[in-house]
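Descriptive analysis of the structure
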Amino acid sequence: RNVLQVDPKDSRAVFLLGVASERLGDYSAAAGAYKQALDIDKTQLDARKALARLYARGGAPKDAVALVEEGLLQQPDDAALLAIRGIAKDQLGDAAGALADEYRFWIAEAHFASEQYPAAAAAYAQLLRDHPKSKRRLEASYGEAFCRFKLQELPRVKELLGDPAGDFQVLT
């Protein structure tokens, strides 16, 4: 806050205030700070990602997609932006058609990166169930096993990794 007294137009400082607010669980203050950082500097990509993530988690996926699309104009290959867009579009029911297995994989990865292990495990499991020819089967099998481990679902971990006919054993 002291930095902001010296220079209230420092978008990085405002963004960091948002990060601190988010870590303290004050999501409203965090969103406000991220918006303020973007008002100061529209190219502030970290604030854009953080606000889009809050929108996606907070039930405003259309707003998240709009923020992400603007960010992708700056950084078209940004993994975090693409993951947030995937989560938001998933919430909107917009599956990726022919790339559904890739889409499902990156949804799972985004949940995993956010430490949302139940959602990640479910997305990995859905990929394994719905896409038997996916090139992501090994990664999905390992990803689901890791999430199940984090959730202390040890019998499922053993099944995923130890089954001789399972993806992990067959593909490794």
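In the block above lies the structure referred to throughout.
We now turn to the structure provided with this report.

Focus on the overall build of the protein
Summing up its helical and strand segments, the protein has eleven helices and zero strands in all. Considering the protein as a whole, with its 172 residues, one finds that 41% of them fall into the buried category. For the protein, restricting intrachain contacts to residue pairs at least 6 apart in sequence, the fraction spanning at least 24 positions comes to 40%. Surface accessibility of the protein: about 9800 Å² in total, with carbon and sulfur atoms responsible for 54%. Seen as two clouds, the 23 positive and the 25 negative side-chain charges of the protein have centres 1 Å apart.

Focus: the packing of aromatic side chains
Going through the model one piece at a time under the given rule, you end up with six aromatic pairs. Consider the rings of Phe-112 and Tyr-117, whose centres lie 5.8 Å apart with planes at 70 degrees: the pair is edge-to-face. A residue is classified by how much of its surface remains accessible, and Phe-112, at 27% relative accessible area, is partly exposed. Taken together, the ring pairs connect Phe-112, Tyr-117, Tyr-142 and Phe-146 into an aromatic cluster.

Considering the environment of Gln-75
Here Gln-75 is to be found in the loop between helix H5 (61-74) and helix H6 (79-91). For Gln-75, a relative accessible area of 40% corresponds to the partly exposed category. Note: C-alpha distance between Gln-75 and Gln-126 (51 residues apart in sequence) is 30 Å.

As for unusual backbone geometry
Residues other than glycine seldom take positive phi values, yet Glu-115 does so here, at roughly 60 degrees. Judged by relative accessible area, which is 57%, Glu-115 ranks as exposed. For Gln-152, which is not a glycine, the phi torsion comes out positive at approximately 60 degrees. Along the chain, the position of Gln-152 falls in the loop between helix H9 (137-150) and helix H10 (154-162).

Some words on the packing of helix H2 (residues 11-23) against helix H4 (residues 45-57)
Contact geometry for H2 and H4: axes closest at 10 Å, N-to-C directions at 30 degrees. Relative to H4, H2 is oriented roughly parallel. Where H2 crosses over H4, the handedness of that crossing is left-handed. Of H4, the residues touching H2 (which contributes Arg-12, Phe-15 and Glu-22) are Asp-46, Ala-47, Ala-50, Arg-53, Leu-54 and Arg-57. By residue class, the composition of the contact of H2 with H4 is four nonpolar, no polar and five charged.

Brief notes about the pattern of salt bridges
Considering all chains together, one arrives at 13 salt bridges under this definition. For Asp-46, the salt bridge identified is with Arg-12, shortest N-O distance 2.7 Å. On the criterion of sequence distance, the pair formed by Asp-46 in helix H4 and Arg-12 in helix H2 is long-range, its members being 34 residues apart. Note that Arg-148 is salt-bridged to Glu-144, the shortest N-O span being 3.2 Å. With Arg-148 and Glu-144 both in helix H9, this residue pair falls four residues apart, about one helical turn. Side by side, Arg-148 and Glu-144 carry an identical accessibility label, which is buried. Look at the salt bridges and you will find they share partners, linking Glu-144, Arg-148, Glu-153, Arg-156 and Glu-159 into a network.

A few points about the nonpolar core
Judged by nonpolar contacts, the single largest core of 41 residues is most densely connected at Phe-15, Tyr-34, Leu-51 and Tyr-124. Listing elements by their share of this core, those giving two or more residues are H2, helix H3 (27-40), H4, H5, H6, helix H7 (100-113), helix H8 (117-130) and H9.

Concerning the environment of Glu-139
Relative to the elements of secondary structure, Glu-139 occurs in helix H9. Residues Glu-139 and Glu-109, spaced 30 residues apart in sequence, show a C-alpha to C-alpha distance of 9.9 Å. Among the polar contacts made by the side chain of Glu-139, one reaches the side chain of Arg-136 at a distance of 3.1 Å.

About the cut-offs
- Residues numbered from 1 in each chain as written.
- Predicted model: local features only at pLDDT ≥ 70, side-chain atom pairs only at ≥ 80, totals over all residues.
- Heavy atoms only, no water.
- Helix = DSSP H or I, 4+ residues; strand = E, 2+ residues; numbered from the N terminus.
- Buried < 20%, exposed > 50% of the residue type's maximum accessible area, 1.4 Å probe, protein only.
- Contact = heavy atoms within 4.5 Å.
- Areas by Shrake-Rupley, 256 points an atom, 1.4 Å probe, with all protein chains shown as cover.
- Lys, Arg positive; Asp, Glu negative; His and termini not counted.
- Charge placed at Lys NZ, Arg CZ, Asp CG, Glu CD.
- Phe/Tyr/Trp six-rings, centres within 6.5 Å; stacked < 30°, edge-to-face > 60°.
- Axes fitted to C-alpha atoms, helices over the stretch in contact; angles between N-to-C directions.
- Parallel < 35°, antiparallel > 145°, perpendicular 65-115°, else oblique.
- Left-handed = near helix turned anticlockwise from the far one by under 90°.
- Nonpolar A, V, L, I, M, F, W, Y, C, P; charged D, E, K, R; others polar.
- Salt bridge = Lys/Arg side-chain N within 4 Å of Asp/Glu carboxyl O.
- Core = buried A, V, L, I, M, F, W, Y, C linked by side-chain atoms within 4.5 Å.
- Polar contact = N/O pair within 3.5 Å; in protein donor to acceptor, adjacent residues only side chain to side chain.

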